[in-house]
Every structure is written in C-alpha cells, then in structure tokens.
Amino acid sequence: MQQSLVQIALVVNNYDEAIQFYTQKLQFDLVEDTELSETKRWVVVKPKGEKGAALLLAKAATEEQKSRTGNQTGGRVFLFLHTDNFDRDYKNLIHHQIKIINGPREEVYGKVLIFEDLYGNLWDLIEPSTPM
C-alpha cells in the first residue's frame, strides 16, 4: 500500500495577495491558477524542488472560514518548511520583512526559527541536522 499527502488547504483572504506572498517573498513556485467560477479559483503553490505536498490557497467564502484565516491551528505552528540552506532562507525572510516570531536557534534536530505568513499562520523553517 502506498499513500501520499498531495495538498494542504490554506485559507486566504485574497488569491492574488497570497500568490504574491508565496511566490515573491517565500519564492515558491506557482503550480496552478485555474478559474473555476467568477469567485473561485484553484490555486496551488509549492516550495522550489518540492516533489510532494503543495498548498492549495483557498479563498475564505463564509464568515466562519474568514474567522479561521491566519489561525487554522489555534495559534500553534501550522506548517514545517525544511531547507537545505537555513542562512540563505533566513536572509530572504529578513529581506522581505517577514515577521520572525522565535529564533533562529540551534536544536538537536537542526537550525530552526518560527515565522509568520501574511495572515498570521505560524511556520517552522528548519535545516535538519541530517541532510535532506
């Protein structure tokens, strides 16, 4: 048996501002941007070189969904981004004025920091001590 995690839905306020943040500031690739209706698009981004999971940027459509934007996990770190070059990606976060919540610091598992995306979701940026 084989299974794989393909996409994770991330609730966003606006497709274009989310695309801009993830592709320009975090340097993700835009995999797909397909219009499904006048108000709905299928927007998928993923980190450069990623062969597995991607983010489906899902525009909040109801008040309940809007209330979850930026806090889908109740304030816990939501997403974990591994890197092969922590210092490069840390400098990129600083350059784009992305809010660093905690770190950088060395842990037994590698270099890590917590940053906030444009809506307030918390991410771990990790360079594992064992190569990826």
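Just above sits the structure.
Just so it is clear, the structure is predicted and the values come from calculations on it, not from any experiment.

### Observations regarding the overall build of the protein
Turning to step 1, where the next piece is worked out: Counting its regular elements, the protein contains three helices and eight strands.
Turning to step 2, where the next piece is worked out: Secondary structure elements of the protein occur, N-terminal to C-terminal, as β-α-β-β-β-α-β-α-β-β-β.
Turning to step 3, where the next piece is worked out: Relative to a compact globule of 132 residues, whose C-alpha radius of gyration would be 14 Å, the protein shows 15 Å and is just as compact.
Turning to step 4, where the next piece is worked out: If you line up the protein on its principal axes, its C-alpha atoms span 45 × 35 × 30 Å.
Turning to step 5, where the next piece is worked out: Considering only residue pairs separated by 6 or more positions, the protein has 53% of its internal contacts joining residues 24 or more positions apart.
Turning to step 6, where the next piece is worked out: Summed over all atoms, the accessible surface of the protein reaches about 8,300 Å², with 48% contributed by carbon and sulfur.
Turning to step 7, where the next piece is worked out: When the 15 positive and 19 negative side-chain charges of the protein are each reduced to one mean point, those points stand 1 Å apart.

### Thoughts on the environment of Lys 51
Turning to step 1, where the next piece is worked out: Topologically, Lys 51 is positioned in the loop between strand E3 (41–46) and strand E4 (54–59).
Turning to step 2, where the next piece is worked out: On the basis of relative accessible area, Lys 51 is assigned to the exposed category, the value being 80%.
Turning to step 3, where the next piece is worked out: Separated by 45 residues in sequence, Lys 51 and Val 6 place their C-alpha atoms 9.3 Å apart.

### Some words on the sheet that holds strand E8 (residues 122–128)
Turning to step 1, where the next piece is worked out: The four strands lie next to each other as E5-E8-E7-E6, forming an open sheet whose pairing is mixed. At either end of the open sheet lies a strand with only one pairing partner, and these are strand E5 (77–82) and strand E6 (100–107). For this sheet, the mean inter-axis angle between neighbouring strands, taken without regard to orientation, is 15°.
Turning to step 2, where the next piece is worked out: Summarising the sheet, strand E7 (residues 110–116) and E8 pair through seven bridges and their orientation is antiparallel. In the strand pairing of E8, Glu 116 is matched with Leu 122.

### Focus on the side chain of Asn 92
Turning to step 1, where the next piece is worked out: Locating Asn 92 in the fold gives a position in helix H3 (residues 86–95).
Turning to step 2, where the next piece is worked out: Residue class for Asn 92 comes out buried when judged on its relative accessible area of 13%.
Turning to step 3, where the next piece is worked out: Among the polar contacts made by the side chain of Asn 92, one reaches the side chain of Gln 27 at a distance of 3.2 Å.
Turning to step 4, where the next piece is worked out: Those residues in contact with Asn 92, other than ones at most four positions away along the chain, are Lys 25, Leu 26 and Gln 27.

### Considering the sheet that holds strand E1 (residues 7–12)
Turning to step 1, where the next piece is worked out: Pairing is mixed across the open sheet formed by four strands, whose spatial order is E1-E4-E3-E2. Either end of the sheet is taken by a strand with one partner, and the two such strands are E1 and strand E2 (29–35). Within this sheet the neighbouring strands show an average axis-to-axis angle of 25°, counted without direction.
Turning to step 2, where the next piece is worked out: Bridging between E2 and E3 involves six bridges; their strand directions are antiparallel. Bridging from a neighbouring strand, Glu 35 pairs with Arg 41 of E3.
Turning to step 3, where the next piece is worked out: On the sheet, helix H1 (residues 15–25) packs against E1, E2, E3 and E4 and is oriented at approximately 10° with respect to E3.

Quick notes on the rules
Residues numbered from 1 in each chain as written. Predicted model: local features only at pLDDT ≥ 70, side-chain atom pairs only at ≥ 80, totals over all residues. Heavy atoms only, no water. Helix = DSSP H or I, 4+ residues; strand = E, 2+ residues; numbered from the N terminus. Rg over C-alpha atoms; globule rule 2.2 N^0.38 Å. Contact = heavy atoms within 4.5 Å. Areas by Shrake-Rupley, 256 points an atom, 1.4 Å probe, with all protein chains shown as cover. Lys, Arg positive; Asp, Glu negative; His and termini not counted. Charge placed at Lys NZ, Arg CZ, Asp CG, Glu CD. Buried < 20%, exposed > 50% of the residue type's maximum accessible area, 1.4 Å probe, protein only. Pairing = 2+ DSSP bridges. Axes fitted to C-alpha atoms, helices over the stretch in contact; angles between N-to-C directions. Polar contact = N/O pair within 3.5 Å; in protein donor to acceptor, adjacent residues only side chain to side chain.

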